[in-house]
Amino acid sequence: QTGALIEAELSQGKLPTLKDATLLHYYNETNNDLIKKTITNIIQELLFYNITEDDDHVKLFGFLKKWLAELEQTHYPLEILMVFELKFLHLLGYGLSFKRCLTCGEPPTRFDPESGLSSCDAHDESPMRSVDIASVDSMKHFLYADITSYRPLKLNTEALMPLINIIDNLYSHYLSSRPKA
């Protein structure tokens, strides 16, 4: 359930049913803030439509608990959303490469916002849509951030919009659904 952490005991039959449940934590700040609540709905949709039996559920659940704790106390919830979205892509196997050109290994100068690939000028296969690698520095910050000690960039919505659009494009390119929330 969005906004609460519960411990559940299920029956062992072919159709497991709920036998007992205990509320472990209720995220008051998140549930009382429209933006934070909307963000949890977005994450719920991402999980529902994109997680399969083969994914690492234990790792994802551990990250989700840490992420919710950070969302609960942050003043920059859109940044925390971007941390989740980029790390979720990575967890699903769609890692972004910011460190080197995938063709020659040189430091990248360009980033393709549709594919999430970085390249040097010589190997830029999409010069009409690629952007200068420096323009996505904050995406690197979100992707490589430790959620338990996150330091916000304190970006306003206007500064975040190009990054939100890039992440939306990546989700359209790699995953079968985009959140409706």
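For the structure itself, consult the block above.
Computed from a predicted structure; not experimentally measured. (Residues numbered from 1 in each chain as written. Predicted model: local features only at pLDDT ≥ 70, side-chain atom pairs only at ≥ 80, totals over all residues. Heavy atoms only, no water.)

1. With respect to the overall build of the protein chain
Inference 1: When its secondary structure is counted, the protein chain shows six helices and five strands.
Inference 2: Mapped in sequence order, the helices and strands of the protein chain form the string β-β-α-α-α-α-β-β-β-α-α.
Inference 3: Along the three orthogonal principal directions, the C-alpha set of the protein chain runs to about 60 × 40 × 30 Å.
Inference 4: Residues counted as buried form 40% of the 181 residues belonging to the protein chain.
Inference 5: Of the contacts formed within the protein chain by residues at least 6 apart in sequence, a portion of 54% connects residues at least 24 apart.
Inference 6: If you sum the accessible surface of the protein chain, you get close to 10900 Å²; carbon and sulfur atoms cover 53% of it.
Inference 7: Once the 17 positive and 25 negative side-chain charges of the protein chain are each reduced to a mean point, those two points are 3 Å apart. (Helix = DSSP H or I, 4+ residues; strand = E, 2+ residues; numbered from the N terminus. Buried < 20%, exposed > 50% of the residue type's maximum accessible area, 1.4 Å probe, protein only. Contact = heavy atoms within 4.5 Å. Areas by Shrake-Rupley, 256 points an atom, 1.4 Å probe, with all protein chains shown as cover. Lys, Arg positive; Asp, Glu negative; His and termini not counted. Charge placed at Lys NZ, Arg CZ, Asp CG, Glu CD.)

2. Focus: the pattern of salt bridges
Inference 1: This structure, assessed with the given rule, holds five salt bridges.
Inference 2: Put simply, Lys19 and Glu9 hold a salt bridge, and the shortest N to O gap is 3.4 Å. Placement of Lys19 in strand S2 (residues 18-26) and of Glu9 in strand S1 (residues 4-10) is noted, with a sequence separation of ten residues between them.
Inference 3: Its salt-bridge partner being Asp124, residue Arg110 comes within 3.4 Å of it at the nearest N-O pair. Separated by 14 residues along the polypeptide, Arg110 in strand S3 (residues 110-112) and Asp124 in the loop between strand S4 (117-119) and strand S5 (131-132) bring together distant segments of the chain. For the residue pair Arg110 and Asp124, the accessibility class agrees, reading buried in each case. (Salt bridge = Lys/Arg side-chain N within 4 Å of Asp/Glu carboxyl O.)

3. Digging into the nonpolar core
Inference 1: Ile43, Trp67, Phe84, Phe88, Phe98, Met139 and Phe142 are the most contacted members of the largest nonpolar core, which totals 40 residues.
Inference 2: Tallying contributions element by element places helix H4 (residues 77-91) first for this core, with eight residues.
Inference 3: Filtering out sequence-adjacent residues up to four positions away, Phe88 remains in contact with Leu46, Leu47, Asn50, Ile51, Leu60 and Tyr171. (Core = buried A, V, L, I, M, F, W, Y, C linked by side-chain atoms within 4.5 Å.)

4. Topic: the environment of Ser115
Inference 1: Following the sequence through the fold, Ser115 ends up in the loop between S3 and S4.
Inference 2: In this structure the C-alpha to C-alpha distance between Ser115 and Leu64, which are 51 residues apart in sequence, comes to 25 Å.
Inference 3: Ignoring sequence-local partners within four residues, the contact set of Ser115 consists of Leu170, His173 and Tyr174.
Inference 4: A polar atom in the side chain of Ser115 sits 3.3 Å from the backbone nitrogen of Leu117. (Polar contact = N/O pair within 3.5 Å; in protein donor to acceptor, adjacent residues only side chain to side chain.)

5. Quick look at the sheet that holds S4
Inference 1: Taking strand neighbours across the sheet as the criterion, the three strands line up as S4-S3-S5 in an open arrangement whose pairing is antiparallel. The sheet is open, and its two borders are formed by S4 and S5, each paired with just one other strand.
Inference 2: Pairing analysis gives three bridges linking S3 to S4, with the strands arranged antiparallel. Across the sheet, residue Asp112 finds its bridge partner in S4, namely Leu117. (Pairing = 2+ DSSP bridges.)

6. With respect to a nonpolar patch on the surface
Inference 1: A cluster of nonpolar residues, Ile6, Leu23 and Tyr26, forms a patch on the protein surface that exposes about 300 Å² of accessible area.
Inference 2: Relative to the elements of secondary structure, Ile6 occurs in strand S1.
Inference 3: Judged by its relative accessible area of 42%, Ile6 is partly exposed. (Patch = residues over 30% accessible without salt bridge, like charges linked within 9 Å, V, L, I, M, F, W, Y side chains within 5 Å.)

7. Description of helix H6 (residues 157-174)
Inference 1: If you check H6, its first and last C-alpha atoms are 25 Å apart, about what 18 residues at 1.5 Å a residue would give, namely 26 Å.
Inference 2: Of the positions making up H6, those classed as buried are Leu160, Leu163, Ile166, Ile167, Leu170 and Tyr171.
Inference 3: Buried-residue contacts for H6 involve helix H2 (34-50), H4, S3 and helix H5 (137-144).
Inference 4: Two or three places before Glu158, at the start of H6, stands the capping residue Asn156, its side-chain oxygen 3.2 Å from that residue's backbone nitrogen. (Expected span 1.5 Å × (residues − 1).)

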